[in-house]
Amino acid sequence: MTPATRQKVLGLYRKILQIARNWQSASGQMEETMKEKEYIRNEARTLFRKNKNVTDPKLIKQCIEECEARIEIGLHYNIPYPRPIHLPPMGLAHKQGRTLRQQEKLRKISKPIYLKSHDEVS
C-alpha cells in the first residue's frame, strides 16, 4: 500500500468515527441514536480489520470506493445501515437448474458497490 493510499484509508476511518460521534438518528430518540452510533463503529472496525491485509491495488481501490459510497448514502438518507437491493428474490427462477444459476449470477453482477462486503461480514 502506498503512503498516499494509507493516508486516504486512515482518513476515511477517522471520518467514519467522527460521523459516529456526531450521529443523530432520524427518529431523534436517544436509544435509537446510541444503537446506530454503535453499529457505525462496529461495522467500520469489522470491515477495516477484515481488509487490513489487502495488497492488491485494484481491490484496495474498490474497498475505498465502497467506503465512500456507504458514507455518502448514509449521510444523505440518514440511515447507517446499507440500503437493500430492490430486486425480486429469485422471482421467476426454478429451485434448481440453469435458470436459477443465471438469475443468481445476474443478482451478483447487479449488486451495488456499497453492498459488496456487507454479505461477507453480516
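Predicted model, so just to flag it, every value in this text is computed and none were measured. (Residues numbered from 1 in each chain as written. Predicted model: local features only at pLDDT ≥ 70, side-chain atom pairs only at ≥ 80, totals over all residues. Heavy atoms only, no water.)

**Describing helix α2 (residues 30–50)**
- Helix length check: α2, at 21 residues, gives a terminal C-alpha distance of 30 Å against a target of 30 Å (1.5 Å per residue), a fit within 8%.
- Burial in α2 covers these residues: Thr33, Glu36, Lys37, Ile40, Glu43, Ala44 and Leu47. Down the axis of α2, the buried set is contained in an arc of 135 degrees. They therefore lie on one face. Of the exposed residues in α2, the ones pointing more than 90 degrees away from its buried face are Met30, Glu31 and Arg49. (Helix = DSSP H or I, 4+ residues; strand = E, 2+ residues; numbered from the N terminus. Expected span 1.5 Å × (residues − 1). Buried < 20%, exposed > 50% of the residue type's maximum accessible area, 1.4 Å probe, protein only. Arc of directions from axis to C-beta.)

**Structural notes on unusual backbone geometry**
- With a phi close to 55 degrees, Asn78 is a non-glycine residue in the positive phi region.
- Along the chain, Asn78 turns up in the loop between α3 (57–77) and α4 (98–110).
- Here Asn78 falls in the partly exposed class, since its relative accessible area comes to 26%.

**Re the packing of aromatic side chains**
- Within this structure, the stated rule accounts for 2 aromatic pairs.
- Here Tyr13 and Phe48 contribute two aromatic rings whose centre-to-centre distance is 4.8 Å and whose plane-to-plane angle is 65 degrees, an arrangement assigned as edge-to-face. Of the two residues, Tyr13 sits in helix α1 (residues 3–22) while Phe48 sits in helix α2, which places them 35 residues apart along the sequence.
- On the basis of relative accessibility, which here comes to 24%, the residue Tyr13 falls in the partly exposed class. (Phe/Tyr/Trp six-rings, centres within 6.5 Å; stacked < 30°, edge-to-face > 60°.)

**As for a nonpolar patch on the surface**
- There is a patch of nonpolar side chains on the surface, built from Tyr77, Ile79 and Tyr81 and spanning about 260 Å² of accessible area.
- By the element assignment, Tyr77 lies in helix α3.
- Judged by relative accessible area, Tyr77 falls into the partly exposed class, the value being 41%. (Patch = residues over 30% accessible without salt bridge, like charges linked within 9 Å, V, L, I, M, F, W, Y side chains within 5 Å. Areas by Shrake-Rupley, 256 points an atom, 1.4 Å probe, with all protein chains shown as cover. Salt bridge = Lys/Arg side-chain N within 4 Å of Asp/Glu carboxyl O.)

**Focus: α1**
- The first and last C-alpha atoms of α1 sit 28 Å apart over 20 residues, in line with the 28 Å expected at 1.5 Å per residue.
- Where α1 is concerned, the buried positions are Val9, Leu12, Ile16, Ile19 and Ala20. For α1, the arc enclosing every buried residue in end-on projection is 100 degrees, short of the 170-degree limit, so these residues lie on one face. Residues of α1 that are exposed and point over 90 degrees away from its buried face: Pro3, Ala4, Arg14, Arg21 and Asn22.

**A short note on the nonpolar core**
- One finds Leu12, Ile16, Ile40, Ile64, Cys67 and Ile71 to be the most contacted residues of the largest nonpolar core, which totals 13 residues.
- Those elements that provide at least two residues to this core are α1, α2 and α3.
- Here the element with the most residues in this core is α1; it accounts for 5 residues. (Core = buried A, V, L, I, M, F, W, Y, C linked by side-chain atoms within 4.5 Å.)

**Looking at the confidence of the model for the chain**
- In this model, the chain carries a mean pLDDT of 83, and residues with pLDDT of at least 70 account for 75%.
- Within the chain, α1 carries the highest mean pLDDT (95), whereas helix α5 (residues 118–121) carries the lowest (56). (pLDDT = per-residue confidence, 0-100.)

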